[in-house]
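Structural overview for review
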Amino acid sequence: MTIQRPPSTGTDSPHLERQLSNRHIQLIAIGGAIGTGLFMGSGKTISAAGPSVIFVYMIIGFMLFFVMRAMGELLLSNLNYKSFSDFAADLLGPWAGFFTGWTYWFCWVITGIADVIAIAGYSQELWPSLPLWVPGLITIGILLLLNLATVKAFGETEFWFALIKIVAIAALIIVGLFMIFSGFQSEAGPASFTNLWSHGGFFPNEFMGFVAGFQIAVFAFVGIELVGTTAAEAKDPEKNLPKAINSIPIRVLLFYVGALIILMSVTPWTQFAAGHSPFIAMFSLAGLGAAATIVNLVVLTSAMSSANSGIYSTSRMVFGLAQEGDAPKVFGALSGRKVPRNALFLSCVLLLSGVVLMYAGQDVGKAFDMVTTVSAVCFVFVWSIILASYLAFRKRRPHLHESSAFKMPGGVAMVWVVFAFFAFVLWALTTQPDTLAALLATPLWFVFLGVAWAILRRRPAHLARYAAFQAELRSDAARVQDPEPANK
């Protein structure tokens, strides 16, 4: 099925430009899949679940692959969809676009705040005398300048950020394999694959330890859907989006599972602790002090990459919401470089609250855990809306599903399997006091959104913009079904 992109006219609302090439989309997708959760959170995950953490990451990656495939089929069914909040608004109703767009924005703002805190913390390890607020401000300033240029500048920055992460993980795997096959000895014993099962088996903390792994590991995958927010700015999306989405299982196996197998083979899982990066620990163990410092810089880069993704995605989501009348009109304007400048400024101002948070309390680690749990719960909501939109799509537009060249494998049945998995994840969050507190606090956000929606939904300006949005989608659907008039 070939979908023709509607020609732009001078009377159109401002449109984002398609400047992201295949290599940008591929690396943005990889960068989204390899979050700070792998570099910084895996120590806590391993200490909670033991070697069973391998299965935790495999299961989460497997389930989220189907969410991404559903998203891909929907985005390609109409190229006027700028992101998943657009198809949610179209297929489930304007409330879904409002709740999804603003929740996704909220997810990335608090994730970005967590990243700013992490950047400041890791900067202090490298430069102990540096005040906490300095690296936070410098990071936000650099990322704002990069994103204000063009979307291609964002794509280029994220390309190199992702490449650094890939090289770091590849180096860890190669060094780790050498240590295993050369019979490396440390205080904890020899490096060997037998370490995976010789310290209490694969499930040393039994079933509840396995469950605890899901609480932390889900946050490592936030951002995997980022490729969906690039849809409006991707060159040749019919070719590039499927490529990026289909490579997710390989990325999860190599970058998550491969790295974790090596880490727990070189050092028994009992040696890992929360708050310490296992990547840095392994290079230090190998006697590569300089490499450990370099990995510290890589972890910093990873956090910057995540913050960069957050600034990009929140600005595009607010731009889309403003276009549909769900956000103030001022955020729907584009700069001369086709960048949503006002929406970018909003995102960066909110990220500055991360700098304030660092001085608000002594225990930054607990605040970080709370923030990441709230973020994970909100991301589960967004992923669920994507699946609900897919169910509505199958019911209301079966002809588009039949003609799609990128159908979701497993179809409707697989959607319900993933929903059941999300219910399990939410239950897992109730099993620990800190994650339970964050889970119980999250509904306050949805209450706030409900009140805002009740005020906004009947305003004439909102109704008019949503009607225009629907008309634009219908005109594109008409071009797809009958492209001849456009060519006459």
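Residues numbered from 1 in each chain as written. Predicted model: local features only at pLDDT ≥ 70, side-chain atom pairs only at ≥ 80, totals over all residues. Heavy atoms only, no water.

Observations concerning the overall build of the protein
A count of helical and extended segments in the protein gives 22 helices and 2 strands. Residue pairs in contact within the protein that sit at least 24 positions apart in sequence constitute 84% of those at least 6 positions apart. When the accessible surface of the protein is summed, it comes to about 18,900 Å², and 68% of that surface belongs to carbon and sulfur atoms. (Helix = DSSP H or I, 4+ residues; strand = E, 2+ residues; numbered from the N terminus. Contact = heavy atoms within 4.5 Å. Areas by Shrake-Rupley, 256 points an atom, 1.4 Å probe, with all protein chains shown as cover.)

Description of a nonpolar patch on the surface
A cluster of nonpolar side chains, namely Phe55, Met58, Phe203 and Leu253, defines an oily patch on the protein surface of about 350 Å² accessible area. For Phe203, the location among the structural elements is in the loop between strand E2 (189-190) and helix H8 (206-220). (Patch = residues over 30% accessible without salt bridge, like charges linked within 9 Å, V, L, I, M, F, W, Y side chains within 5 Å. Salt bridge = Lys/Arg side-chain N within 4 Å of Asp/Glu carboxyl O.)

Some thoughts on the packing of aromatic side chains
A full pass over the atoms with the stated rule returns 28 aromatic pairs. A centroid spacing of 4.1 Å and a plane angle of 10° characterise the contact between Phe106 and Trp445, whose relative ring orientation is stacked. Residue Phe106 is located in helix H5 (residues 94-126), and its partner Trp445 is located in helix H20 (residues 443-456); the two are separated by 339 residues in the primary sequence. (Phe/Tyr/Trp six-rings, centres within 6.5 Å; stacked < 30°, edge-to-face > 60°.)

Comments concerning the packing of H8 against helix H18 (residues 411-429)
It is the contact of H8 with H18, at a shortest axis distance of 9 Å, that shows an interaxial angle of 100°. As judged from the angle between their axes, H8 and H18 are roughly perpendicular. The residues of H18 that touch H8, namely those facing Phe207, Met208, Val211, Phe214, Gln215 and Val218, are Phe421, Phe424, Val425, Trp427, Ala428 and Leu429. (Axes fitted to C-alpha atoms, helices over the stretch in contact; angles between N-to-C directions. Parallel < 35°, antiparallel > 145°, perpendicular 65-115°, else oblique.)

Observations concerning the pattern of salt bridges
Pairing is possible between side chains that carry opposite charge, provided their charged atoms lie close to one another. Counted under the stated rule, the structure contains 1 salt bridge. When the shortest N-O distance is used, the salt bridge between Asp90 and Arg397 registers 2.8 Å. Taken as a pair, Asp90 in helix H4 (residues 84-92) and Arg397 in the loop between helix H16 (364-396) and helix H17 (398-403) lie far apart in primary sequence, 307 residues in all. Here Asp90 matches Arg397 in class, with each residue buried. (Buried < 20%, exposed > 50% of the residue type's maximum accessible area, 1.4 Å probe, protein only.)

Focus: the packing of helix H6 (residues 133-149) against helix H14 (residues 341-351)
The packing of two helices is summarised by the inter-axis angle and the distance between the axes. Where H6 meets H14, the axes come as close as 11 Å, and the angle between the chain directions of the two elements is 170°. As summarised for this structure, H6 and H14 are arranged roughly antiparallel, according to the angle between their axes. Contacts between H6 and H14 pair Ile140, Leu144, Asn147 and Leu148 from the former with Arg341, Leu344, Phe345, Cys348 and Leu351 from the latter. Class assignment of the residues belonging to the contact of H6 with H14 gives a composition of 7 nonpolar, 1 polar and 1 charged. (Nonpolar A, V, L, I, M, F, W, Y, C, P; charged D, E, K, R; others polar.)

Some thoughts on the environment of Lys407
Structurally, Lys407 can be placed in the loop between H17 and H18. Spatially, the C-alpha atoms of Lys407 and Gly72 are 8.4 Å apart, while their sequence positions differ by 335 residues. Lys407 has contacts with Arg69, Glu73, His401 and Glu402, leaving out every residue within four places of it along the chain. A distance of 3.0 Å separates a polar atom in the side chain of Lys407 from the backbone oxygen of Glu402. (Polar contact = N/O pair within 3.5 Å; in protein donor to acceptor, adjacent residues only side chain to side chain.)

Section: the side chain of Asp86
Note that Asp86 resides in helix H4. For Asp86, a relative accessible area of 0% translates into the label buried. Among residues more than four places away in sequence, those in contact with Asp86 are Asn80, Tyr81, Glu324 and Phe469.

Side note on helix H19 (residues 433-441)
Looking only at H19, the buried set comprises Thr435, Ala438 and Leu439. Along H19, the residues classed as buried sweep out an arc of 100° about the axis, all on the same side. In H19, the exposed positions angled more than 90 degrees off the buried face are occupied by Pro433 and Leu440. (Arc of directions from axis to C-beta.)

Let's talk about the state of the cysteines
In a disulfide, the sulfur atoms of two cysteines are held together by a covalent bond. Using the criterion set out here, one finds 0 disulfides in the structure. Cys378 supplies the cysteine sulfur nearest to Cys107, a cysteine that is in no disulfide, at a spacing of 4.4 Å. Exposure remark for Cys107: the relative accessible area of 0% places this residue in the buried category. (Disulfide = S-S within 2.5 Å.)

Brief notes about unusual backbone geometry
As a rule of thumb, non-glycine residues mostly have phi less than zero, and peptide bonds are mostly trans rather than cis. In the Ramachandran plot, Glu206 falls in the positive-phi region, its phi being about 60° despite a non-glycine side chain. Position of Glu206 among the secondary structure elements: in helix H8. A relative accessible area of 60% means that Glu206 is categorised as exposed.

A few points about the environment of Gly112
Among the structural elements, Gly112 can be located in helix H5. Given a relative accessible area of 1%, Gly112 falls into the buried group.

Regarding the side chain of Ser85
Along the chain, Ser85 turns up in helix H4. Contacts of Ser85, omitting those with residues within four sequence positions, involve Gly97, Thr100, Gly101 and Met317.

Describing the environment of Phe255
Along the polypeptide, Phe255 turns up in helix H11 (residues 248-266). Taking the C-alpha atoms as reference, Phe255 lies 8.1 Å from Ala170; in sequence the two are 85 residues apart.

A word on the confidence of the model for the protein
When pLDDT is averaged along the protein, the result is 78, and 81% of the positions lie at 70 or above. Mean pLDDT across the secondary structure elements of the protein bottoms out at helix H22 (residues 484-487), with 44, and peaks at H18, with 93. Taken as a whole, residues 1-12 scores under 50 in pLDDT and shows 24 contacts with residues more than four places along the chain or in a different chain. Counting interchain partners and residues more than four positions distant, the pLDDT-below-50 stretch residues 483-488 has 2 contacts. (pLDDT = per-residue confidence, 0-100.)

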